[in-house]
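Fold and contact review
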Amino acid sequence: MSAGYRAVQWNAQKRRYDLVLGAGIALYLAAFVGTSAALHPDATAETLVIRGFGTCAFALLHVVLCIGPLCRLDPRFLPLLYNRRHLGVATFAVALVHGAFALVQFHALGDLDPIASALASHPRLDDIAQLAFEPFGMAALGILFAMAATSHDYWLANLSPRVWKSLHMGVYAAYALLVAHVALGALQSETSPVLAGLVALGVAVVAALHLAAARRERAVDGARGGRERGDGRVRVGHVDDIPEGRARVVPIGGERVAIFRYDGLVSAVSNVCAHQNGPLGEGAVIDGCITCPWHGFQYDPASGRAPAPFDERIATYGVVVEDGVVWVDPRPNPPGTRVEPARIAGARIDGARAHRVDRDDDREVDATSGGLYVGWAARAPEALRAHLRRTSAALLALAAALGATLASQQGAFVPSSFEFGTERALTGWIREAPVPALVVAAPGGHGLPFSLSTYLLVARGKHGAADAVRGLDGRRVRVRGTLAHLDGSTLLELSDGGIADLEAEAGALARSPANAPLPVSADELVLRGEIVDSKCHFGVMNPGTGKVHRACATRCIEGGIPAVFLLRDAAGARVHLLLTGSDGRSLARELAPWIAEPIEVRGRVERADGVLVLRAEPSSFRRLAGRDAERGGAVEAEVGVATAAPGGAG
């Protein structure tokens, strides 16, 4: 509460709060990244950043949602509520890092606008498991942004508390959207039951706390007022039932009324704080003012007005005390209307009430009346400080343990590698079909005149190298670029101007070695696997498979990156088949509906320039579900034998 607006109105409690918050986030990220790097050294840094910040934001949102009901059930958690907006802004900031990295990594550097790509990621409505998850996350991030941008009291005052509170209730919609985002995204690619169990546990804890708090509040609203007398006043109980300096909350006329006893007087006011609808009846009279337990806003008990220079007002009610019985007029007065307090017979009235303290300093003040602690006070009661120390230590330990646990439950990463920052120069012959590639010949063995190593060629970003090699088919060249490789399959990301035509420089024709395609099987094969893009799968991203990577693979393949059909052979080893049409054409956009799903493909497999090529038509594709999706490849033996033939990467 402040008479003016500042970016952040720091005090000692805010600094401690944010210090613990920052330490918790740092511990979580360190534990997640450190554990991931130790257990999964093949994981790419971008993947760890995306996963670390994403899981951290999701965990923080659980904490945000748990604080409210915890404070209703146990007032010792009120210090966590006092600066909850700092926690909310931090949650948005962490989520923004996750979203920005994911948007760049999965959707940028292609032919489609990244936002449009995220919104148009494989819109499947016929199978909930394949429903796009990105729009849910984007919608949740939008809600968190609106809440973070309006978190300052400037917006609270100008939007009005009712509108501001309604806007910030959107946190529940954001939470539901994020649960859907996680369930339809990460949990579709990760197989660990621990991850699914932790998500379910988080939802259960949030729901249980809110139900418990609602049950407690329902008991308050269910309490029936006493009898009415002739003038319409309602009996609310005996004055001795109201603790000194505190209140009793009674539902009257459909509204909660807080009846405060203080200094030999009794006043009745609305139970709703004008700041953020906090429960005034759970507060206390401090320095002569009713003090809200949520954020310390204060009101004169008789008039319902905040002390100058503040202008917040709450409704007041007429009250009388007769023979120790408190009677309240159920008709509220306009906010800020002064009502003479009822005097308690025989009570000594202390007329020397202290003035309200300035909340902007860190002076030692008596802000613990009746056991209530207010965050603008410089010091909490020792018992509460000990509780906060234990709570902070527990939260920090939980952050580190949760980060390590989630990291340890990630699925295995393939042993791929991308030599980022290292440029290589290779000499060989260009092949334009079936996909752009560099064929390098080496002295042969076993009586063969030569052996071939084939490097798929791609451009930077989500683009193929078709334009870069056009007109160079069969010509001897020197190329420069960065290697990615997995299981003997290699790919070269071309540097700018990375192809030099050696035949043009020498002025003489150099023939490429002849290598006619060799069929692997005379019959069509029926294979089960997943369509991936070669660039990411061979090492630029790890993992480069699964539903989470689907949008990126789609953009890459549409941009000309060679499509690969990934399956397992009879021995369980990965097999990579370049996927083309039956006539050798690039399928590109025809593959979009089938990418990153378990499918069955019927086609012919052949070996060309040392690599396996699957020629098939999308009309033969069939989606797999249930046990069929888990069975892997069919007719694996023939493909497995073929992969043992000479060739591959050198």
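Bear in mind that the values here come from a model prediction, so they are computed numbers and not experimental data. (Residues numbered from 1 in each chain as written. Predicted model: local features only at pLDDT ≥ 70, side-chain atom pairs only at ≥ 80, totals over all residues. Heavy atoms only, no water.)

**Considerations on the overall build of the protein**
This is how it is decided: Numbering of helices and strands starts at the N terminus; helices are DSSP runs of H or I of at least 4 residues and strands are runs of E of at least 2. Residue exposure (1.4 Å probe, protein chains only): buried if accessible area is under 20% of the type maximum, exposed if over 50%, otherwise partly exposed. Contact definition: two residues touch when any of their heavy atoms are within 4.5 Å.
What the protein contains, in helices and strands, is 18 helices and 24 strands. Each of the 650 residues in the protein was classed as buried or not, and the buried ones make up 50%. Counted over contacts in the protein with a minimum sequence separation of 6, partners at least 24 positions apart contribute 68%.

**Section: the pairing of strand β9 (residues 319-322)**
Stated formally: Strands qualify as paired when DSSP identifies two bridges or more between them.
Because side chains alternate across β9, one face comprises the buried residues Val 319 and Val 321, and the other comprises Val 320 and Glu 322, none of which is buried. Sheet analysis places β9 next to strand β10 (residues 325-328), joined by four bridges and oriented antiparallel. Residue pairing in the sheet places Glu 322 in a bridge with Val 325 of β10. Here β9 folds back onto β10, and the loop between the two strands holds two residues, one of which, Asp 323, carries a positive phi near 55 degrees.

**Looking at the sheet that holds β9**
For the record, the criterion: Fitted lines through C-alpha atoms give the axes, limited to the stretch in contact for helices. The angle between two N-to-C directions lies from 0 to 180 degrees.
If you walk across this open sheet you meet the three strands as β1-β10-β9, and the pairing is antiparallel. Only two strands of the sheet have a single neighbouring strand rather than two, namely β1 (234-238) and β9. For this sheet the average axis-to-axis angle between neighbouring strands, irrespective of direction, equals 25 degrees. Alignment of β1 against β10, held across four bridges, turns out to be antiparallel. Of the residues in β10, the one forming a bridge with Val 234 is Val 328.

**Re the nonpolar core**
Here is the rule: What is meant by a nonpolar core is a set of buried Ala, Val, Leu, Ile, Met, Phe, Trp, Tyr and Cys residues, joined one to another through side-chain atoms within 4.5 Å.
Ranked by internal contacts, the top residues of the largest apolar core, which has 58 residues, are Ile 25, Leu 61 and Phe 260. A per-element tally of this core places helix α2 (residues 45-73) first, with 10 residues. Excluding its chain neighbours within four sequence positions, the residues that come into contact with Leu 61 are Thr 91, Leu 144, Val 171, Ala 174, Tyr 175 and Leu 178. Counting residues in each nonpolar core, the second largest holds 24 residues, with Ala 102, Ala 437, Ala 484 and Leu 491 among its members.

**Re the sheet that holds strand β6 (residues 289-291)**
Judged by pairing direction, the sheet is antiparallel, and its three strands sit side by side in the order β5-β6-β7 without closing on themselves. Each of the sheet's edge strands pairs with one partner strand only, and the pair in question is β5 (284-286) and β7 (298-299). Judged from the three bridges that link them, β5 and β6 form a sheet pairing that is antiparallel. What sits directly across from Ala 284, in β6, is Thr 291.

**What about the environment of Leu 486?**
Locating Leu 486 in the fold gives a position in strand β16 (residues 476-486). The exposure class assigned to Leu 486 is buried, which follows from its relative accessible area of 1%. Taking the C-alpha atoms as reference points, Leu 486 and Ser 416, separated by 70 residues in sequence, lie 4.5 Å from one another. Apart from the residues lying within four places of it in its own chain, the contact partners of Leu 486 are Val 414, Pro 415, Ser 416, His 537, Phe 538, Arg 574 and His 576.

**Considerations on the pattern of salt bridges**
Just so we agree on the cut-off: Think of a salt bridge as a Lys or Arg side-chain nitrogen and an Asp or Glu carboxyl oxygen that are within 4 Å of each other.
In this structure the tally under the stated criterion is 24 salt bridges. The partner of Glu 503 in a salt bridge is Arg 475, with the nearest N and O atoms 3.7 Å apart. One end of the pair, Glu 503, is in helix α14 (residues 502-506); the other, Arg 475, is in the loop between α13 (466-469) and β16, and 28 residues separate them in sequence.

**Looking at the packing of helix α4 (residues 84-107) against helix α16 (residues 550-558)**
To keep it simple, the criterion reads: Ten residue types, Ala, Val, Leu, Ile, Met, Phe, Trp, Tyr, Cys and Pro, are classed as nonpolar, four, Asp, Glu, Lys and Arg, as charged, and the remainder, Gly among them, as polar.
As a packed pair, α4 and α16 sit with axes 8 Å apart at the nearest point and diverge in direction by 35 degrees. Packed against α4, whose contacting residues are Gln 105, Phe 106 and His 107, the element α16 presents Ala 551, Cys 552 and Arg 555 at the interface. Looking at the contact of α4 with α16, its residues break down into three nonpolar, two polar and one charged.

**As for the pairing of strand β4 (residues 265-270)**
Buried residues dominate β4, accounting for six of its six residues. The pairing of strand β3 (residues 255-262) with β4 spans six bridges and is antiparallel. Bridge pairing in β4 links Tyr 262 to Leu 265. Hairpin connection of β3 to β4: two residues between the antiparallel strands, including Asp 263 at a positive phi of 50 degrees. Relative to strand β11 (residues 342-343), β4 runs antiparallel, the two sharing two bridges.

**A short note on unusual backbone geometry**
The omega angle of the peptide bond from Ala 308 to Pro 309 is 5 degrees, so this bond is cis rather than trans. Tracing the chain through its elements places Pro 309 in the loop between β7 and β8 (316-317). Put simply, Asn 542 and Pro 543 share a cis peptide bond, and its omega is 5 degrees. Its location among the elements puts Pro 543 in the loop between α15 (534-540) and α16. Even without being a glycine, Asp 263 presents a positive backbone phi close to 50 degrees. As for its placement among the helices and strands, Asp 263 is situated in the loop between β3 and β4. One non-glycine residue, Ala 596, lies in positive phi territory at about 60 degrees.

**Overview of the packing of helix α1 (residues 12-39) against α4**
Just so we agree on the cut-off: Just so you know how the angles are binned, under 35 degrees is roughly parallel, over 145 roughly antiparallel, 65 to 115 roughly perpendicular, and the rest oblique. For a crossing to be left-handed, the near helix must be turned anticlockwise from the far one by less than a right angle; the clockwise case is right-handed.
Put simply, α1 and α4 touch, their axes get as near as 10 Å, and they point 30 degrees apart. Considering their axes alone, α1 and α4 lie roughly parallel with respect to each other. In this structure, α1 crosses over α4, and the sense of that crossing is right-handed. Where α1 abuts α4, its residues Lys 14, Tyr 17, Asp 18, Leu 21 and Ile 25 lie against Arg 84, His 86, Leu 87, Ala 90 and Val 94. The class makeup of the residues in the contact of α1 with α4 is six nonpolar, one polar and three charged.

**Quick word on the side chain of Asp 569**
For clarity, the threshold we go by: By the counting scheme adopted, Arg and Lys are positive, Glu and Asp are negative, and His together with the chain ends is not counted. Any pair of nitrogen or oxygen atoms within 3.5 Å is treated as a polar contact; in protein, a donor-acceptor pairing is required on top of that, and neighbouring residues in sequence qualify only through side-chain atoms on both sides.
Positionally, Asp 569 belongs in the loop between β20 (563-568) and β21 (574-580). Buried charge Asp 569 goes without a salt bridge, the closest partner of opposite sign being Arg 568 at 7.4 Å. A distance of 2.9 Å separates a polar side-chain atom of Asp 569 from the backbone nitrogen of Ala 571. Of note is the side chain of Asp 569, whose polar atom sits 2.9 Å from the backbone nitrogen of Ala 573.

**Some remarks on α16**
Across the nine residues of α16, eight count as buried, placing the element largely inside the fold. Listed as buried for α16 are Arg 550, Ala 551, Cys 552, Ala 553, Thr 554, Arg 555, Cys 556 and Ile 557. Looking at the buried side of α16, the elements it contacts are α4, α5 (114-119), α6 (134-149), β19 (525-533), α15 and β20. In the segment just after α16, Gly 560 is the residue with positive phi, at about 110 degrees.

Geometry only, nothing functional implied.
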